[in-house]
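Each chain, letter by letter, is given below.
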Amino acid sequence: MKFKRAKSLSVICMIFIMLISLTACGNDREVQYQTYVDSLISANYLNSCEQYVRSTGANQDDADAMYLQNVTRLANNLESYYGLEISSDAELAPRMVDLAKKIYGKARFRTEPAYKDNNIYYVKVTIEPINLLNQTHNDILNYIADFNRRVENGDFNNYIKEDYEHEFAAGIIDILEAATTNMEYGDPVTITVRIIQSDSNYYISNEDFRNIDMAILSTDASKYEKEQSELSSDTDASTGSNTSGEENAAPDEEPASEENVSPDPNASTEENAAPDSDASTEEIPD
């Protein structure tokens, strides 16, 4: 019987960084730059695009596509992180995207007016990291342990692979969805974003936006390392293998391993890394 080992949650994002016409002057730029950064985050995570469209000159279709791209990225990364195989599941694939919308829809942040230092403008963004992965950590571990016991008991011996994958993934999504109604947050972190001026345009770097993205959803699980080590030692002896040889039995593979469920805040692999965000830019003529 099979449960895929969890992958590291990729924090790389694809975004459209708009190059905005530089028309404001003096103190107006402090508000203009703040509005730009605030609207960019709101459009990507909260699906609040009106200010973004006004401040950048983008059209609504572009803003909608940017948001959908961002939540789909999170959905794909969650699928890979938890080792799910639901990309072709007509029920769970869109449900995972809806879950991503719920998660990002709870993003908390605030921006400050831009300030100037050595002729460079900066905007400070204070973020309360969404703590969903850590919040559900123990529930996920307990679910995996229980699922492995069901595997050992032969509950899934007559399942075909697709039904088995669906059964496991649905339980993970249930846990995550339930937690979104009472979201917990980590300690606030402040990201300093540099406004890059180029001729008569301005924008922020993809690196700065990735820093924002990493702060929006917390993947710091260091406080759970002891619990996960203890839980994994309890289940290491459980192989969960199905050796019935039945034609329609789910594939015979290693069981769930809790030691791989804890999020890695920075790691990404070729298997689950998102495409290079530097390729997505759009210029607004002056």
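One numbering rule holds for all chains: residues counted from 1, following each sequence as written. The model is predicted, so local features are restricted to residues of pLDDT at least 70 and side-chain atom pairs to those at 80 or more, both for listing and for counting; the totals for chains, interfaces and linings are taken over all residues. Excluding hydrogens and water, the side-chain values take into account all heavy atoms of the structure.

### Side note on the packing of helix α1 (residues 28-46) against helix α3 (residues 60-81)
Orientation of α1 relative to α3, taken along the N-to-C sense of each, is 60°, at an axis distance of 7 Å. On the basis of their axis angle, the class for α1 and α3 is oblique. The segment α1 lies against α3, with Leu40, Ala43, Asn44, Tyr45 and Leu46 engaging Met66, Tyr67, Asn70 and Arg73. Among the residues forming the contact of α1 with α3, the class breakdown is 6 nonpolar, 2 polar and 1 charged. Here the axes come from fitting lines to C-alpha atoms, over the contacting stretch only for helices, and the angles between their N-to-C directions go from 0 to 180 degrees. Think of it this way: any DSSP run of H or I at least four residues long counts as a helix, any run of E at least two long counts as a strand, and we number them from the N terminus. By the definition adopted for this analysis, an angle is roughly parallel if under 35 degrees, roughly antiparallel if over 145, roughly perpendicular if from 65 to 115, and oblique otherwise. The contact rule is simple, with two residues in contact once any of their heavy atoms fall within 4.5 Å. In the scheme used here, Gly and all other residues not listed as nonpolar or charged are polar, with Ala, Val, Leu, Ile, Met, Phe, Trp, Tyr, Cys and Pro taken as nonpolar and Asp, Glu, Lys and Arg as charged.

### Considering the packing of α1 against helix α8 (residues 206-216)
Contact pair α1 / α8: the axes reach a minimum separation of 12 Å and the direction vectors enclose 50°. If you check the angle between α1 and α8, you find them oblique. For the crossing formed where α1 meets α8, the hand is right-handed. Of the residues in α8, those touching α1 at Leu40, Ile41, Asn44 and Tyr45 are Phe209, Ile212, Asp213 and Ile216. Left-handed describes a crossing whose near helix is turned anticlockwise from the far helix by less than a right angle; the clockwise case is right-handed.

### Structural notes on the pattern of salt bridges
Here a salt bridge means any side-chain nitrogen of Lys or Arg lying within 4 Å of a carboxyl oxygen belonging to Asp or Glu. This structure, assessed with the given rule, holds 9 salt bridges. Between Arg73 and Asp213 there is a salt bridge, with the nearest N and O atoms lying 2.8 Å from each other. One end of the pair, Arg73, is in helix α3; the other, Asp213, is in helix α8, and 140 residues separate them in sequence. Here Arg73 and Asp213 have matching classes, each one buried. Beyond isolated ion pairs, a larger network of salt bridges with shared partners links Glu85, Lys161 and Glu165. The rule is simple: take the accessible area with a 1.4 Å probe, protein chains only, and divide by the maximum for that residue type; under 20% is buried, over 50% is exposed, in between is partly exposed.

### Here's the deal with α3
The terminal C-alpha atoms of α3 lie 32 Å apart, and with 22 residues this matches the ideal 32 Å at 1.5 Å per residue to within 8%. Polar contact criterion, stated in full: a pair of N or O atoms within 3.5 Å, where within protein one must be able to donate a hydrogen and the other to accept it, and residues adjacent in sequence count only if both atoms are side-chain atoms. Its side-chain oxygen placed 3.1 Å from the backbone nitrogen of Asp61, Asn59 serves as the N-cap of α3. One or two positions beyond α3, positive phi appears at Gly83, with a value near 70°. In this scheme, a helix's expected span is set at 1.5 Å multiplied by one less than its residue total.

### A closer look at helix α4 (residues 92-105)
With 14 residues, α4 extends 19 Å from end C-alpha to end C-alpha; this agrees with the ideal 20 Å at 1.5 Å per step. Buried-residue contacts for α4 involve α1, α3, α5 (132-135), α7 (161-180) and α8.

### Details of the pairing of strand β4 (residues 120-128)
Where strand β2 (residues 108-111) and β4 come together, 4 bridges link them in antiparallel fashion. Counterpart to Thr111 in the pairing with β4 is Val125. Where strand β3 (residues 115-117) lies against β4, 3 bridges are found, and the strand directions are antiparallel. The partner of Tyr115 across the bridge, within β4, is Tyr122. Taking the residues between adjacent antiparallel strands as the criterion, β3 and β4 are bridged by 2 residues, where Asn118 takes a positive phi near 55°. Relative to strand β5 (residues 189-198), β4 runs antiparallel, the two sharing 7 bridges. Directly across from Tyr122, in β5, lies its bridge partner Arg194. DSSP-based pairing: two strands are paired if at least 2 bridges between them are found.

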